[in-house]
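# Inside the fold
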Amino acid sequence: MFPSEVTDFFKNQKTPFYYYDLDVLNATLEQIKKYGLSKGYRVHFALKSNNQPKILEIIKASGLGADCVSGGEIQRAINSGFFPNEIAFAGVGKSDEEIELGLKHDIFCFNCESPQELEVLNELAEQHGKQARIALRINPNVEADTHKYITTGLNENKFGINESELDLVLDKLPELENLELVGIHFHIGSQIEKFDPFRELCSKANSLNEHIESKGFKLTVINVGGGFGINYEHPNDSSVPDFEKFFGLFEENIELKNHQQLHFELGRSVIGQSGSLITKVLYTKKGISKNFAIVDAGMTELIRPALYQAAHRIDVLTSSKEEKIYDVVGPICESSDTFRKDVSIPEVERGDLIAIRSAGAYGEVMRSAYNLREANPSVYSDEILIPKT
Ligand code: LLP
């Protein structure tokens, strides 16, 4: 991933910055096409995981749609070339202005999360003389077995319409004349590494599909969300997630009717392994019981370790000295500003470059300006001339 030409290029860039390896992204998209799109599945890319225009253009060109959760994301998707009929709008708290933006562009679908949202959407659609296509997001109460902050499909979570309310909602729908029910939607969580939760989701989706169709509704979209996890420990060996297995699981377990299409909303598994945060060692320091490597990136550039205790692999790009145990920390005045504790990496000194791996998803998008820190421009692999061997 980091041939010497790439590292040399990095030496002249202002750190910290995000680096995207487009070969990894393209290889990932090839697998999604081969094992997903070719089966007639539709994949919407979750812009919340990465919204860099250059990344979006590549993803759009591969035939994926856009899964948006704000007016800003809808606008970004449109600016990056997605057609409105390729855009789905999800989110538990859509504002009136955001809904109006979606209506104005006549987007593909609103994924609705509560009875009240349906009424508001219907009202706004009527005011604007529009018909809105909707999918009901149903909370399936399936344990995703991931970090509690990114578990979304349990009864205690704020997301979706509870099964107990579903019949009431279905009874009410015919009165909401500016809404057209096209599908059902689920999303049970993110960074899901085991396959059982997805199997359980399929069985829930199958029975709800039966139930709703038996009431006379015609569902054309069965949307099972995203959540497919990536390998943070071994980004080189597993640079492309096993989409054959992932899509294969759904092929085996989901029961579609002839008029139905299976939809996914993938974020992390599409872009996660393509991105790294490149940072420079500012200082090394010996604590009482620790060696610290203090780098120029902090939780402001990548908050995942601080927020979810995520362990991103750390590669030292400019030292091959003997390994030493470090806490790799950022410059922010909080102890949570730590990338890794007690990690064994080649001995580093001031000026060494480090790559914090698997940061393509939920990295750059979650950057903050805390401490008035400035953002440096991202670097893409196609900007670096690497001689072909
Ligand atoms: N669909 C819905 C409704 C979602 O809420 C999400 C992510 C996705 C799709 C995409 O899920 P993915 O395929 O990326 O797992 N900031 C956290 C992750 C938050 C995920 C939120 N929802 C992190 O850094 O781990």
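Residues numbered from 1 in each chain as written. Predicted model: local features only at pLDDT ≥ 70, side-chain atom pairs only at ≥ 80, totals over all residues. Heavy atoms only, no water.

Attention now moves to the nonpolar core. A general feature of soluble globular proteins is that nonpolar side chains tend to end up buried together. Counting residues in each nonpolar core, the largest one holds 95 residues, and the members touching the most others are Phe 110, Ile 134, Leu 136, Phe 246, Phe 247 and Phe 264. Ranked by residues supplied to this core, first place goes to helix α8 (residues 196-214) with six residues. Formed jointly, this core draws a minimum of three residues from each of two domains, domain 1 (22-272) and domain 2 (273-383). When sequence neighbours within four positions are dropped, the list of residues in contact with Phe 246 reads Phe 195, Phe 198, Phe 228, Phe 264 and Leu 266. The next biggest cluster of nonpolar side chains, apart from the first, holds eleven residues, and it includes Tyr 19, Leu 353, Ala 355 and Ile 384. (Core = buried A, V, L, I, M, F, W, Y, C linked by side-chain atoms within 4.5 Å. Buried < 20%, exposed > 50% of the residue type's maximum accessible area, 1.4 Å probe, protein only. Helix = DSSP H or I, 4+ residues; strand = E, 2+ residues; numbered from the N terminus. Domains from an automatic or database assignment. Contact = heavy atoms within 4.5 Å.)

Bringing the domain arrangement of the protein into the picture now. The assigned domain composition of the protein is domain 1 (22-272) and domain 2 (273-383). Relative placement of domain 1 and domain 2: their C-alpha centres are 32 Å apart. In this assembly, 28 residues from domain 1 lie in contact with 23 residues from domain 2. In total, about 2200 Å² of surface goes out of reach between domain 1 and domain 2, with carbon and sulfur atoms giving 50% of it. (Buried area = accessible area lost by both parts, 1.4 Å probe.)

Below, the discussion takes up the packing of aromatic side chains. Tallying each qualifying case throughout the model produces 21 aromatic pairs. Centre to centre, the rings of Phe 89 and Phe 110 are 6.0 Å apart; their planes meet at 55 degrees, and the pair counts as tilted. Here Phe 110 lies in strand β5 (residues 109-112) and Phe 89 lies in strand β4 (residues 87-89), a separation of 21 residues in the sequence. Each member of the pair Phe 89 and Phe 110 is classed as buried. (Phe/Tyr/Trp six-rings, centres within 6.5 Å; stacked < 30°, edge-to-face > 60°.)

Moving on to the environment of Lys 257. The residue Lys 257 is located in the loop between α9 (243-253) and β10 (261-266) in this model. With a relative accessible area of 23%, Lys 257 lands in the partly exposed category. Separated by 48 residues in sequence, Lys 257 and Asn 209 have C-alpha atoms that sit 9.3 Å apart. Leave out the neighbours within four places in its chain, and Lys 257 touches Asn 209, Glu 210 and Glu 213.

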